[in-house]
Amino acid sequence: MAPNTVVVTVENPENSLLGIKGMDSSIFLEKQKAVSPKQLTWVLLLKVQRTLSCLSWLANTSKATFVSVKKRIALSELGDEEPKQRGKLYRFIKAFLVLSIVALVVEVIAHFKKWNPSLIHPWEVQNLVQWSYMAWLSFRIDYIAPLVTMLSRFCTVLFLIQSLDRLVLCLGCFWIKFKKLKPRIEEDAYDIEDPTSFPKVLVQIPMCNEREVYAQSIAAACQLDWPRDRILIQVLDDSSDGNLQLLINEEVSSWNQKGINIIYRHRLIRTGYKAGNLKSAMSCDYVKDYEFVAIFDADFQPNPDYLKQTIPHFKGKPDVGLVQARWSFVNKDENLLTRLQNINLCFHFEVEQQVNGVFLNFFGFNGTAGVWRIKALEESGGWLERTTVEDMDIAVRAHLNGWKFIFLNDVKVLCELPESYEAYKKQQHRWHSGPMQLFRLCLPAIITSKISMLKKANLIFLFFLLRKLILPFYSFTLFCIILPLTMFIPEAELPLWVICYVPIFMSFLNILPSPKSFPFLVPYLLFENTMSVTKFNAMVSGLFQLGSAYEWVVTKKTGRSSESDLVALAERESKSTNEDKISRRYSESGLELLSKLKEQQVAPKKKSNKLYTKELALAFLLLTASARSLLSAHGLHFYFLLFQGLSFLVMGLDLIGEQIS
């Protein structure tokens, strides 16, 4: 190339920006410099305009958020119990929050004054505050950091063991899919032309003040495809509302008039919650004539062919005591809370229940949508009222007596998910305190039972300890206590794979059974960590038999309609012209009819969203820790703490789930 040659490269023809190479390119550079101030001015103005727009948007968003939060705080009620009953956990979190705020203030002062112990000699200390800070650093390194490190390693080991268990369950599920393993039934198990070949089945619908769903559950049970002389439906009503009792009794009588073998039962002494209700129903003399009992909670709506898909699995298998169907949800897309619940329960049924059913012939009875062999119930001691998880109680006792269980992943029963955070929180408290009560009661029986050592180990270490005790313990301790603590004790800092990589991978495995939920991967991870405070509190209550462990609150239902509900509703509406005749046939008094009419016109009870103090305290604790991590430029630690703190704030302000205006 000639020495005076100039190479011109056009990088952006629209703006005519030229890249110039060559020995004499200084001439062109001078021209470029001559025009660059004008271009630079426009670029700076554009950036200023964008910055102002961004700041304006942030200001408006912050203002709207602040107004919403202020309004929520003003109009909400405390969702926790009375201050005396909030427990030591809340007081511990508050104390931890106060200490973290004080520590953050000190760390900010030290950061800006550059109090670095490695650069400052003892004789350079200027005041008492600086001396106290240096003494604290020395004490922290020598005494506190080793203890926190030891505790974090212990929780990390538990975390890895539980993750390994979850991974093994997923591999078992993949193997079932690959080998197409599923329970099989004999073809033509029962002679359709001979109704007497069908076993007699008892259907039980326990309910308590289920105003929104009683009609649809009764209608679904009455439409089960089974010979009418081989089925009896028991509506077990524990309602305390007299008007609601009349309405349910009327619904039962209307189906009885259509030829359905259905009876209404109401206990005068309603003790033992659901277990007491079922125990009372099984004590009836006519129960001895029936071989199987199907149980449906009040919001469950089985398909008409449910019994024909489940009962045949008992034929030729005298050691099978339970056939459990899967749940499906009519309101899984109602809000973010129901979507996240759907992820959890899809994994529970698709992976946990199916794998344990195929490889161990044992799993926890889900309390509904299952069929029991009555002989298995009787030999296992029947329903007991000693815990709030009567379903898990009877399943464990039946397993200890040698009965096998079958899980049908292809048979689904429609039901509802709790749509409000308040209802979901109470449900989870019962589900996580009850197993610990049961573990205390069943441990001696498990140890002395005649089942194999492998089954004993599975019950004690996997079913109870790992999945019911260790899981809520480490998830709360590791991510809500130790992680923010390590921001103030950097010598015990958790590695990134503990707080980020492994949890995301495990959340990915949890979402696999519900692939449409992949966009909710990160919200699901944050949601699970947020719920750990409720689960941990419930686990401790059940383990140490605290007062809240024996609480039983019926999960609130909304009565979402499915296609089967609409068909049943249309059928009932078509017979509405005969309502007066039917009412007279029931020999109801005019006062009873008047009270029912008034009940329909009563204004609904005023409701409001709640404030949850534990979640709010943890939110501010994690946000304080995130501010401390920002000083140390921790990166992923900061973002995790920030978003986890915001998720606790959303929960604490009851901004997830059903919103009441």
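Scroll up a little and you will see the structure.
The structure reproduced in this document is the subject of the present report. Since this is a predicted model, take the numbers as computed values, not measurements. (Residues numbered from 1 in each chain as written. Predicted model: local features only at pLDDT ≥ 70, side-chain atom pairs only at ≥ 80, totals over all residues. Heavy atoms only, no water.)

1. Focus: the side chain of serine 626
By the secondary structure assignment, serine 626 is in helix α18 (residues 613-631). In contact with serine 626, other than residues within four places in its own chain, are Phe638, Leu641 and Leu642. (Helix = DSSP H or I, 4+ residues; strand = E, 2+ residues; numbered from the N terminus. Contact = heavy atoms within 4.5 Å.)

2. Topic: the side chain of aspartate 238
Here aspartate 238 shows up in the loop between β5 (231-237) and α5 (242-257). A distance of 2.7 Å separates a polar atom in the side chain of aspartate 238 from a polar atom in the side chain of arginine 267. Excluding residues within four positions of it along the chain, aspartate 238 makes contact with Met207, Cys208, His266, Arg267, Arg270, Tyr273 and Asn277. (Polar contact = N/O pair within 3.5 Å; in protein donor to acceptor, adjacent residues only side chain to side chain.)

3. Description of the packing of helix α11 (residues 421-448) against helix α12 (residues 453-488)
Axis separation between α11 and α12 bottoms out at 11 Å; the angle between their running directions is 165°. Regarding the angle of α11 to α12, the classification is roughly antiparallel. Taken as a pair, α11 and α12 cross one another with a handedness that is left-handed. Here Pro435, Met436, Leu438, Phe439, Leu443, Ile446 and Ile447 of α11 lie close against α12, whose contacting residues are Lys456, Leu459, Ile460, Phe464, Leu465, Lys468 and Leu469. Residues that form the contact of α11 with α12 fall into these classes: twelve nonpolar, no polar and two charged. (Axes fitted to C-alpha atoms, helices over the stretch in contact; angles between N-to-C directions. Parallel < 35°, antiparallel > 145°, perpendicular 65-115°, else oblique. Left-handed = near helix turned anticlockwise from the far one by under 90°. Nonpolar A, V, L, I, M, F, W, Y, C, P; charged D, E, K, R; others polar.)

4. Describing the packing of aromatic side chains
Across all of its chains, the model carries 26 aromatic pairs by this definition. The interplanar angle of 85° and the centroid separation of 5.6 Å between the aromatic rings of phenylalanine 365 and tryptophan 372 together place this pair among those described as edge-to-face. Phenylalanine 365 gets classed as buried once you look at its relative accessible area, which sits at 3%. When the ring of phenylalanine 508 is compared with that of phenylalanine 518, the centres are 5.5 Å apart and the planes differ by 40°; the resulting orientation is tilted. Residue phenylalanine 508 is located in helix α13 (residues 496-511), and its partner phenylalanine 518 is located in the loop between α13 and α14 (521-543); the two are separated by ten residues in the primary sequence. For phenylalanine 508, a relative accessible area of 35% corresponds to the partly exposed category. The structure contains a cluster of three or more aromatic residues connected by ring pairs, namely Phe300, Trp327, Phe349, Phe362, Phe363, Phe365, Trp372, Phe405, Phe407, Phe439, Phe463 and Phe464. Against the face of tryptophan 255 rests lysine 258, its NZ or CZ located 4.0 Å from the ring centre. Over the ring of phenylalanine 463 we find lysine 468, and its NZ or CZ is 4.4 Å from the ring centre. (Phe/Tyr/Trp six-rings, centres within 6.5 Å; stacked < 30°, edge-to-face > 60°. Buried < 20%, exposed > 50% of the residue type's maximum accessible area, 1.4 Å probe, protein only. Lys NZ or Arg CZ within 6 Å of the ring centre and 35° of its normal.)

5. Overview of the environment of asparagine 303
By secondary structure assignment, the location of asparagine 303 is in the loop between β7 (292-295) and α7 (306-310). In this structure, the C-alpha to C-alpha distance between asparagine 303 and lysine 412, residues 109 residues apart in sequence, is 8.1 Å. The contact partners of asparagine 303, leaving out residues within four places of it in the chain, are Leu224 and Lys412.

6. A look at the sheet that holds β7
Strand order in this open sheet of seven strands is β6-β5-β4-β7-β9-β8-β10, and the pairing throughout is mixed. In this open sheet, the two edge strands, each paired with only one partner strand, are β6 (262-266) and β10 (404-415). The mean angle between the axes of side-by-side strands here comes to 20°, regardless of whether they run parallel or antiparallel. Bridging between strand β4 (residues 201-207) and β7 involves four bridges; their strand directions are parallel. By the bridge assignment, valine 201 is partnered in β7 with phenylalanine 292. (Pairing = 2+ DSSP bridges.)

7. With respect to the pattern of salt bridges
This structure, assessed with the given rule, holds 20 salt bridges. The shortest N-O distance in the salt bridge between arginine 467 and aspartate 165 comes to 2.9 Å. Here arginine 467 is found in helix α12, whereas its partner aspartate 165 is found in helix α3 (residues 128-179), with 302 residues between them in sequence. Accessibility assignment for this pair places arginine 467 and aspartate 165 in one class, buried. Overlapping salt bridges bring together Glu107, Arg140, Glu491 and Arg628 as one network. (Salt bridge = Lys/Arg side-chain N within 4 Å of Asp/Glu carboxyl O.)

Any link to function would need more than the numbers given here.
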